[in-house]
Amino acid sequence: MRFPGYTAVEGIDLSVAPGTFLSVVGPSGCGKSTLLNMAAGLMSPSAGRIEIFGQPLEGVNRKAGYMFQQDALLPWKTVLGNILLGPVFAGVAGGKAEAEAREWIRRVGLERFSHHYPHQLSGGMRKRVAMAQTWINDPEIIFMDEPFGALDLHTRMRMEGEILKLWAETKKTVVFVTHDLEEAIALSDEVVVLTAGPASRICGRYPVNLKRPRNPMDIKTEPEFSAVYRSIWRDLRGEVLKSYERE
Amino acid sequence: MVVWQLLLGASLLAAWQAGASAGVLDKFFFSRPSDIALRVWQMCLTGAVWGHLGTTLLEAALSFAIGVALGVACGFALARNRFLAALFDPYLRVANSLPRVVLAPIFLLWFGLGIWSKVALGVTVVFFIVFFNTLQGVREVDPVVVHNARMLGASERQLIRHVLIPSALSWIFSSLHISIGFAIIAVVVGEYLGAAKGIGYMIAQAEGVFDTTGVFAGMAILAGVVLAVGAGVDRLERRLLRWKARDSQAGGESVS
Ligand SMILES: Nc1ncnc2c1ncn2[C@@H]1O[C@H](COP(=O)(O)OP(=O)(O)OP(=O)(O)O)[C@@H](O)[C@H]1O
Ligand SMILES: [Mg+2]
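I will try to describe carefully the structure that is included in this document.

Criteria and cut-off values
Residues numbered from 1 in each chain as written. Chains lettered and ligands numbered in written order. Predicted model: local features only at pLDDT ≥ 70, side-chain atom pairs only at ≥ 80, totals over all residues. Heavy atoms only, no water. Helix = DSSP H or I, 4+ residues; strand = E, 2+ residues; numbered from the N terminus. Expected span 1.5 Å × (residues − 1). Bend = angle between axes of the 7 residues up to and from the residue. Buried < 20%, exposed > 50% of the residue type's maximum accessible area, 1.4 Å probe, protein only. Contact = heavy atoms within 4.5 Å. Buried area = accessible area lost by both parts, 1.4 Å probe. Salt bridge = Lys/Arg side-chain N within 4 Å of Asp/Glu carboxyl O. Polar contact = N/O pair within 3.5 Å; in protein donor to acceptor, adjacent residues only side chain to side chain. Nonpolar A, V, L, I, M, F, W, Y, C, P; charged D, E, K, R; others polar. 1 Å grid on protein atoms, 1.4 Å probe; cavity = no way out; pocket = protein on both sides within 12 Å on 5 of 7 lines; lining within 4 Å. Points joined across faces, edges and corners; volume = space filled by probe spheres on them. Pairing = 2+ DSSP bridges. Near = heavy atom within 4 Å. Areas by Shrake-Rupley, 256 points an atom, 1.4 Å probe, with all protein chains shown as cover. Donors = N, O, S within 2.8 Å, 3.2 Å for Na, K, Ca; no water.

Description of helix 7 (residues 223-245) of chain A
Residue and element names in this part refer to chain A.
In step 1: Over its 23 residues, helix 7 runs 32 Å from end to end, which matches the ideal 33 Å to within 8%, given 1.5 Å per residue.
In step 2: Roughly 35° is the biggest bend found in helix 7, and it falls at Trp 233.
In step 3: Of all the positions in helix 7, only Phe 225, Val 228, Ile 232, Leu 236, Glu 239 and Ser 243 are classed as buried.
In step 4: In this fold, the buried residues of helix 7 make contact with strand 3 (21-25), helix 6 (181-187), strand 9 (190-194) and strand 10 (202-207).

Describing the interface of chain B and chain A
In step 1: At the junction of the two partners, chain B supplies 25 residues and chain A supplies 30 residues.
In step 2: Both sides of the chain B and chain A interface together cover about 2,500 Å² of buried area, and 65% of this is carbon and sulfur.
In step 3: Broken down residue by residue, the surface that chain B buries against chain A is led by Met 151, Leu 152 and Trp 243 of chain B, which jointly contribute 31%.
In step 4: For the pair chain B and chain A, the interface holds 0 salt bridges.
In step 5: Counting the contacts that link chain B with chain A gives 7 residue pairs in polar contact (both at pLDDT 80 or more).
In step 6: Secondary structure elements with two or more residues in the side of chain B that touches chain A: helix 8 (143-151) and helix 9 (156-193) of chain B.
In step 7: Per-element tally for the side of chain B that touches chain A: the top contributor is helix 8 of chain B, with 7 residues.
In step 8: The residue inventory of the side of chain B that touches chain A, partitioned by class, reads 11 nonpolar, 9 polar and 5 charged.

Topic: empty space enclosed by the protein
In step 1: What the rule picks out here adds up to 2 cavities of 30 Å³ or more.
In step 2: In this structure, the largest cavity encloses a volume near 90 Å³.
In step 3: Along the wall of the largest cavity there are 13 residues; nearest its centre are Phe 68, Gln 70, Ala 72, Ala 130 and Gln 133 of chain A.
In step 4: Of all the elements in the fold, those that place two or more residues in the lining of the largest cavity are strand 6 (64-67) and helix 4 (123-135) of chain A.
In step 5: Element by element, the count of residues in the lining of the largest cavity is highest for helix 4 of chain A, at 5 residues.
In step 6: Counted by class, the lining of the largest cavity contains 6 nonpolar, 4 polar and 3 charged residues.
In step 7: Around the second largest cavity sit Ala 104, Leu 108, Ser 117, Lys 118, Leu 121, Gly 190 and Leu 193 of chain B, which together line it.
In step 8: Broken down by secondary-structure element, the contributors of at least two residues to the lining of the second largest cavity are helix 6 (103-111), helix 7 (115-139) and helix 9 of chain B.
In step 9: At 3 residues, the largest contribution of residues to the lining of the second largest cavity is made by helix 7 of chain B.
In step 10: Looking at the lining of the second largest cavity residue by residue, the classes come out as 4 nonpolar, 2 polar and 1 charged.

Quick look at the pairing of strand 6 of chain A
Residues and elements named next belong to chain A.
In step 1: The alternating pattern of strand 6 places Ala 64 and Tyr 66 on one face and Gly 65 and Met 67 on the opposite face, and all of these are buried.
In step 2: One ladder, built from 4 bridges, connects strand 6 with strand 7 (residues 141-145); its direction is parallel. For Ala 64, the partnering residue across the bridge sits in strand 7 and is Ile 141.

Re the site of ligand 1
All names here are of chain A.
In step 1: Around ligand 1, the neighbouring residues are Phe 3, Tyr 6, Ala 8, Ser 28, Gly 29, Cys 30, Gly 31, Lys 32, Ser 33, Thr 34, Gln 69 and Glu 146.
In step 2: Backbone polar atom of Gly 31 to an oxygen atom of ligand 1: 2.9 Å apart, as the coordinates give it.
In step 3: Between an oxygen atom of ligand 1 and a side-chain N or O atom of Lys 32, the distance comes to 2.7 Å.
In step 4: Alone, ligand 1 offers 640 Å² of accessible surface; in the complex the protein occludes 63% of this.

Structural notes on the pattern of salt bridges
Residues and elements named next belong to chain A.
In step 1: Taken as a whole and judged by the stated rule, the model has 20 salt bridges over all chains.
In step 2: Residues Glu 169 and Arg 107 are paired through a salt bridge, measuring 2.5 Å at the closest nitrogen-oxygen approach. Of this pair, Glu 169 sits in helix 5 (residues 153-170) while Arg 107 is found in helix 3 (residues 94-107), placing the two residues 62 residues apart along the sequence.
In step 3: The partner of Arg 156 in a salt bridge is Glu 160, and the shortest N-O contact between them spans 3.8 Å. Linking Arg 156 with Glu 160, this pair stays in helix 5, spanning 4 residues, or about one helical turn.

Thoughts on the coordination of the magnesium ion (ligand 2)
Residue and element names in this part refer to chain A.
In step 1: Taken together, the protein ligands of the magnesium ion (ligand 2) are Ser 33 (OG) and Gln 69 (OE1), with distances of 1.9 to 2.3 Å. With a gap of 36 residues between them, Ser 33 in helix 1 (residues 32-39) and Gln 69 in the loop between strand 6 and helix 2 (79-90) connect regions that are remote in the sequence.
In step 2: The exposure class of Gln 69 is partly exposed, given its relative accessible area of 35%.

Here is the structure:
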């Protein structure tokens, strides 16, 4: 992907098997968000193509949901209104849509806040609304761009657990972007490491064969986890150092 | 704060009153607050003012409504279409930099002495304020929020309804405060320059016979109307922009 005067990512050939949880890690600014935006159809690559289940992607990716790195809730809608958006856009009848939305509000534990506006919620609560908002549409693929980057450690571990639970229940294809290697390993079946920008490429792909179900609160202290972590960190470390030097 | 604001106003009026009574200010040129209040009261009692006020308000309301409708519509159209925006840009700038007063005589010729020449003048003022604010408001929409709505399946129309309009609303509202005031000013100026009715006409009449008290009375009535209408807009704004974080609202679970 070439922006005027800057090539963010180049020569990336990445396929994701349906139903897997794949994480993408890389130094800050290497082009992780750019990659997701292209896969989501929000920008088109300056060269190359995106295929979704074998079909070339044109326009917005209708099979995918996207949890953004930044806060993307509609500030003028309540929790209920935000979660209702997907069904409303799809033209689902009022009563049915609301029942669905209420069910999702319950699943993310925000019953008491359904009539609050986003600015009245904590960061973690807003992320849970975003989660429900994305999942209610039941997309086959879910892109998540550092969804918990702005959260404190404890909230973050709880949210990781919730994501894993949701994923286990629905078995969607997930592409999860993060700069936190521990998070990536704890959650995924495979970790993809990108090189430092500009013209970032794939540095390596690492399968993570830790048993499921996992508990992100405990898994990080297990010896198998440390072994995987060390092998990936060796490569990632070099890229992080390079990205510092280039700044 | 309101107390202090009232106090300031009261002391200014008191100084004026004292100055005029003591002869420091010439009563012929400056009149006196008590005389002005009395005059306003009399005009209300005799009912002389209601016809004029009604005409002015009708003109202002019409020019406001037409100006806002046109401004919002054009603002959206140009914000969503780069080609149109670029095409019209220089013309809009030129048109906006034109002093509206010079248009008043032309509108008098085109639309006659009745209300429509004033409405036209008011529209030219209101339109540009609302238009530029709507344009800005739609352009300033957070792209991530737009992307999010797109990913959730919004069509172009749904995007406008659920994202662009609400997002532009705070800009449009900030322009409403100003444009209401300007709508009233514009129609009053129009009346002043040629009319058979309205507050502006009333002021022009009073001026014709050097009745300063009458002029100030007209101004006082206008000020009252502008304040009242502004308060109405404030309430509407608070209702429609309930979702905005306000400093005074910090409490309970609001952490941000
Ligand atoms: N519209 C744009 N025009 C020019 N350069 C851009 C544009 N968008 C992104 N970039 C550049 O492309 C690079 C990749 O950006 P991107 O947001 O994808 O990085 P990232 O890996 O998501 O970073 P982070 O971890 O900080 O979120 C950055 O160096 C950025 O400066
Ligand atoms: Mg990013």
